[in-house]
Each structure stands twice: as C-alpha cells, then as structure tokens.
Amino acid sequence: MNAVAPGPVYTLMVAVGVLTDEARQRTVPLGQRDPPDRRRRLQRRSAHEHGNHRDPANNLSRPPSRTSTERHVRMSLTVHTLELGRAAADSTFFVRHRVPGTLVSAPVHGYLILGGDAPIVVDTGFRNDDVMARVGLHPELRDENSMEAQLDRYGVSIDEVGMVIQTHLHVDHAGHIDKFPTTTPVVVNRAEMEFAASGLQGLGYAPEDLKHMIDRTHAPDAVRWLDLELTGPVSVAPGVRCEHAGGHTDGSLVVYVDTEHGPAAICGDILYDIEDQVITGLMQNGFLEPQVSNNFSGSLRGETAAIKKVLNNATFVLPGHDIGAKVENGQVIGRVEGLTVPGPVIALPSPGASREVSLNS
Ligand SMILES: [Zn+2]
C-alpha cells in the first residue's frame, strides 16, 4: 500500500504554524494559478514523463526530448495486453442465453499503451484470490500475473507509468491501483465511483479497492475525475481519449487509442465474449445484432448500443476478458493474434460466417 500524502487541511495547518520570513516569501500571491507545491508536482511529473523507457515491441528507446509538434506528427501508439490472471464463472454469467452449468475460464486483461509521453496502464486486475471468491468468481493468479511482472515484460516499471485509466472499478479491474504512487494520476469516471460506493452491486466492488480510492481522492492530484456523461469524450493524452461506455456499469468508460492502423477501443466489460456475443450473436435473429452479457446495470437497449458503439468506432476492440478483434464497418473480420495491437490478425473465414452456421443449426 502506498502512503497517502497529507491532505490540504493538514498542509495548511503546518504552513500557518511555522510561517517564517523565508516561507512568507514563498507563499502564493493571490490569484496565482498553481501554488508552488502543485507546480513542483507537475514539474516532477513532466520530467518523469519525459524519461526514457524501453519498448520491446519495437526495440526502440524514445528520444529524450521532442517538441510538441514533432511528438504529434510522430505519434504512433501501440497497445499491449497485460495478463493479470484468470477468472472462471458459470457460462451464463458471461453471455445471456448460454446453457447454464458449465464453468468457463476467462483471462483478466489490463492494457499498456506505449509510444506516447509516458506509459499508460488501463485497468489493474484483481488484488488476491479472496476478493474474487467473495463474489463467486474462481480466480487463478500466478506470480507472472503480477502488475510488476507484466510491466517488466515491456521494460516498464511501476514508477515509470505516467497515468492509470480505469474502464471501471469492479473487483477484477481495480485491484492494484494502490501499487501506483499518488504522484501517478488515476483516471476514473466520477459516475463509476458513485455507483461503486452505492452498494447496488455489493462485493462486486472490493471494499479494499474503494477505501484506497477514497484515500486517493484526498491526495493532491492523485485522481483525475471525468464526467463523461456531461462533457462528452475527453482527451487524456495525445492520441488517447475516454468516452462514456453506456454499458456494463453506470460509469464505465471506453479508452480509444490512436494507432497507425486505426483506433483501438479498450472497452472493459461491455463485451465479455466476442465469438458468442458478436460473431455468432447467440440466440439473436437480427442482422448483426449482438448478444449482451448477464452482468450489467442499465437497460437491455443501452447494453446492446454500447457494444454497437465500439464496433462502429474502432478498428480494434480489446475487451477485459477476451482476446481482441479487428473490426470493419461494424463487423468483426479477424481476431488479434499475440499481445500487441497493431499486430498480427487471424482473419475470419468471412464476416458473418459463424452467424449463419449458428442460425441454421
Ligand atoms: Zn471484469
């Protein structure tokens, strides 16, 4: 667990108690935008974000400094899968209308975005077996699934990560936020935190994770709150923007990442199983009508639309518990092979082929 820096009230009390002539000269003039502490933090962060890190996918090191124009022109982001464990549940948990009674194991993915100013992590997996067992999920967590080990595969350390984005805060996605120092901002849609704290989904949100988020909320600059339902999409880094998902949980967001082959949508759990929900469209009759999961907080129509939205706005769809897909004109045309996007894709025999089989069998 990371120690949380003293809150503003504590800092103010200390400042008042020991105000010396030297300290008075350092006090912030009225109306100045950033107090010195905040400026120092931002400067530290900026310096940190410009540090080198290795990118094993390209075997390249970033140059130490570039102008913003150069950075924009050269921006070519890659998305790498973090294998943060596995979780098993009854088949019907993942996809509506599946026949119950079979335990299905699914991967737990986080993602690492490289090629920008600093590495960005999206989702952090689950913290231990216990939190998963509480909600009836059967976990599988090995040493190599730790956040440290997964980042190390790409030559990145926890301290080098410039930002963490949470698609949502469920127990299998928010488990290692507390491994990141409070100097690393965590991007969360505010509606997700409100929903998590509401108790509507009980232990689907681990109290350990939520308590850390409360602590983090009171640490300076440790959380970047989004209000995506009201603001629309928000760019959080060059080539990286967050958009309200409209599915799975009240505050879920989708992270769109600009790659040289088109946008990749890291879509959390609005989609569990691409084969049964999108390619086959299990028990659906309408053309290209996706099937929903059995784990959502809103309406059936909203859940369906959330899936369609990413299919229509991305070239790559990267869910939290399945391998990714390549998409064209709202249809899946291939599955991602390997852990990196852009990267090799295995083409489907023909778009909609599986669906025809399904409907005729
Ligand atoms: Zn999940």
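Residues numbered from 1 in each chain as written. Predicted model: local features only at pLDDT ≥ 70, side-chain atom pairs only at ≥ 80, totals over all residues.

With an unreviewed UniProt entry as reference, the chain is termed MBL fold metallo-hydrolase, source organism Pseudonocardia eucalypti. Recorded in UniProt under Sequence similarities (unreviewed entry), the annotation for the chain is "Belongs to the metallo-beta-lactamase superfamily." (UniProt positions renumbered as here; feature names shortened; annotations may be inferred.)

Engineer: Just checking my understanding: could you explain the overall build of the chain for this structure?
Structural biologist: Along the chain, the regular secondary structure elements total 13 helices and 18 strands. Evaluated residue by residue, the chain yields a buried proportion of 41% over its 361 residues. A separation of at least 24 residues holds for 63% of the contacts in the chain among residues at least 6 apart in sequence. (Helix = DSSP H or I, 4+ residues; strand = E, 2+ residues; numbered from the N terminus. Buried ≥ 20, exposed ≤ 12 C-beta atoms within 10 Å, placed from the backbone. Contact = placed C-beta atoms within 7 Å.)

Engineer: How do you make sense of the sheet that holds strand 12 (residues 253-259) when you look at a structure like this?
Structural biologist: In a beta sheet, neighbouring strands pair by backbone hydrogen bonds and run either parallel or antiparallel. Overall, mixed pairing links the eight strands, which are arranged 10-11-12-13-14-15-16-18 in an open sheet. The sheet is open, and its two borders are formed by strand 10 (234-237) and strand 18 (345-347), each paired with just one other strand. Between one strand and the next, the sheet's axes are offset by a mean angle of 30°, whatever the strand orientation. Pairing analysis gives four bridges linking strand 13 (residues 262-268) to strand 14 (residues 316-319), with the strands arranged parallel. When the bridges of strand 14 are listed, Ala265 appears paired with Val317. Docked against the sheet, helix 12 (residues 300-313) engages strand 12, strand 13, strand 14 and strand 15 (325-328), running at close to 160° with respect to strand 13. (Pairing = 2+ DSSP bridges. Axes fitted to C-alpha atoms, helices over the stretch in contact; angles between N-to-C directions.)

Engineer: I would appreciate a short explanation of helix 9 (residues 207-217) in the present structure.
Structural biologist: Residues separated by three or four positions in an α-helix point in the same direction, a consequence of the helix having 3.6 residues per turn. The set of residues buried in helix 9 consists of Asp209, His212 and Met213. Looking down the long axis of helix 9, one finds its buried residues gathered within 105° of arc, a one-sided arrangement. Along helix 9, exposed side chains directed more than 90 degrees from the buried face belong to Pro207, Lys211 and Ile214. (Arc of directions from axis to C-beta.)

Engineer: Can you walk me through the environment of Met147 in this structure?
Structural biologist: Among the secondary structure elements, Met147 is positioned in helix 7 (residues 147-152). The class for Met147 is buried, based on 21 C-beta atoms found within 10 Å. Separated by 32 residues in the primary sequence, Met147 and Lys179 have C-alpha atoms spaced 8.6 Å apart. In contact with Met147, other than residues within four places in its own chain, are Thr124, Gly125, Ile158, His176 and Lys179.

Engineer: Before we go on, may I ask you to explain the nonpolar core in this structure?
Structural biologist: A general tendency of soluble globular proteins is for nonpolar side chains to be buried together. Counting residues in hydrophobic clusters, the biggest one holds 80 residues, and the most contacted among them are Ile113, Val255, Ala265, Ile266, Cys267, Val317 and Leu318. Not counting chain neighbours up to four residues away, the residues in contact with Ile113 comprise Leu77, Val79, Pro119, Ile120, Val122, Val240 and Val257. (Core = buried A, V, L, I, M, F, W, Y, C linked by C-beta atoms within 7 Å.)

Engineer: Explain the environment of Gly324 to me, please; I cannot follow it from the model alone.
Structural biologist: Relative to the assigned elements, Gly324 resides in the loop between strand 14 and strand 15. Between the C-alpha atom of Gly324 and that of Thr340, which follows or precedes it by 16 residues, the distance is 9.5 Å. Ignoring sequence-local partners within four residues, the contact set of Gly324 consists of Phe316, Val317, Leu318, Val336 and Val341.

Engineer: Sorry, what's going on with the confidence of the model for the chain here?
Structural biologist: Low pLDDT means the predicted atomic positions in that stretch should not be read closely. Put simply, the chain has an average pLDDT of 83, and 76% of its residues get 70 or more. Low pLDDT, under 50, characterises residues 1-36; the stretch is placed with 21 contacts to residues that sit more than four places away or in other chains. Counting interchain partners and residues more than four positions distant, the pLDDT-below-50 stretch residues 356-361 has two contacts. (pLDDT = per-residue confidence, 0-100.)

Engineer: What should I look at first to understand unusual backbone geometry in this one?
Structural biologist: Trans is the prevailing form of peptide bonds, just as negative phi is the prevailing case for residues other than glycine. The residue after Val341, namely Pro342, is reached through a cis peptide bond having omega -5°. Relative to the helices and strands, Pro342 resides in the loop between strand 17 (340-341) and strand 18. Here the phi dihedral of His248 falls at roughly 65°; this positive angle occurs in a residue that is not glycine. Judged by C-beta crowding, with 30 C-beta atoms within 10 Å, His248 ranks as buried. Within the chain, Leu288 stands out as a residue other than glycine whose phi angle is a positive 60°. Positionally, Leu288 belongs in the loop between helix 11 (274-279) and helix 12. Of the residues examined, Leu288 has 16 C-beta atoms within 10 Å and is grouped as partly exposed.

Engineer: Hey, could you run me through the pairing of strand 11 (residues 240-244) in this one?
Structural biologist: Note on strand geometry: in a regular strand, side chains alternate between the two faces of the sheet. When you tally the buried positions in strand 11, you get four out of five residues, the bulk of the element. Two elements, strand 10 and strand 11, share three bridges in a ladder whose sense is antiparallel. Counterpart to Val234 in the pairing with strand 11 is Cys242. If you look at the hairpin formed by strand 10 and strand 11, you'll find two residues sitting between the two strands, and Gly239 has a positive phi there, around 80°. Two strands pair when backbone bridges link them, and strand 11 and strand 12 are joined in this way by five bridges, in the antiparallel orientation.

Engineer: In this structure, what is going on with helix 8 (residues 190-197)? I would like to understand it.
Structural biologist: Of all the positions in helix 8, only Ala191, Glu192, Met193, Phe195 and Ala196 are classed as buried. With its phi angle positive at about 85°, Gly199 sits one or two positions after the end of helix 8.

Engineer: I keep staring at the environment of Ile270 and nothing clicks. Help me out?
Structural biologist: Locating Ile270 in the fold gives a position in the loop between strand 13 and helix 11. Note: C-alpha distance between Ile270 and Ala245 (25 residues apart in sequence) is 7.5 Å. Apart from residues no more than four positions distant in its own chain, Ile270 is found in contact with Ala245, Gly247, His248, Ser252, Ala306, Ile307 and Val310.

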